[in-house]
Amino acid sequence: MEDLDRAQYLLERMLDLAEVSAGDSCTDRRRATLQKGFAFLQAEVLEILDKTDEGDT
């Protein structure tokens with residue numbers, strides 16, 4: 001359950017970053033920074049999914 005909670009938190013954070021990035025006042029430079037953060041969070045979620053998949057077999 002801990003992994004599920006962590007993944008949920010990361011997905012919510014990814015949504016926050018996407019919403020900020022989509023805003024009209026967001027500059028290209030800021031979007032690039034947000035994209036790096038998004039990619040990091042995405043990698044974390046994928047790692048959790050991989051770990052969960054390995055445990056299912």
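Look up: the structure comes first, before these words.
Residues numbered from 1 in each chain as written. Predicted model: local features only at pLDDT ≥ 70, side-chain atom pairs only at ≥ 80, totals over all residues. Heavy atoms only, no water.

Draft legend 1. Layout of the side chain of Ser-21. Tracing the chain through its elements places Ser-21 in helix H1 (residues 2-22). On the accessibility criterion, Ser-21 (19% relative accessible area) is buried. Filtering out sequence-adjacent residues up to four positions away, Ser-21 remains in contact with Cys-26, Arg-31 and Leu-34. (Helix = DSSP H or I, 4+ residues; strand = E, 2+ residues; numbered from the N terminus. Buried < 20%, exposed > 50% of the residue type's maximum accessible area, 1.4 Å probe, protein only. Contact = heavy atoms within 4.5 Å.)

Draft legend 2. Geometry of H1. For H1, which comprises 21 residues, the first-to-last C-alpha distance of 30 Å matches the rise-based estimate of 30 Å (1.5 Å per residue) to within 8%. Considered for burial, the residues of H1 that qualify are Ala-7, Leu-10, Met-14, Leu-17 and Ser-21. Projected down its long axis, H1 shows its buried positions confined to an angular sector of 80 degrees, all on one face. Projecting away from the buried face of H1 at angles above 90 degrees are the exposed residues Leu-4 and Glu-19. (Expected span 1.5 Å × (residues − 1). Arc of directions from axis to C-beta.)

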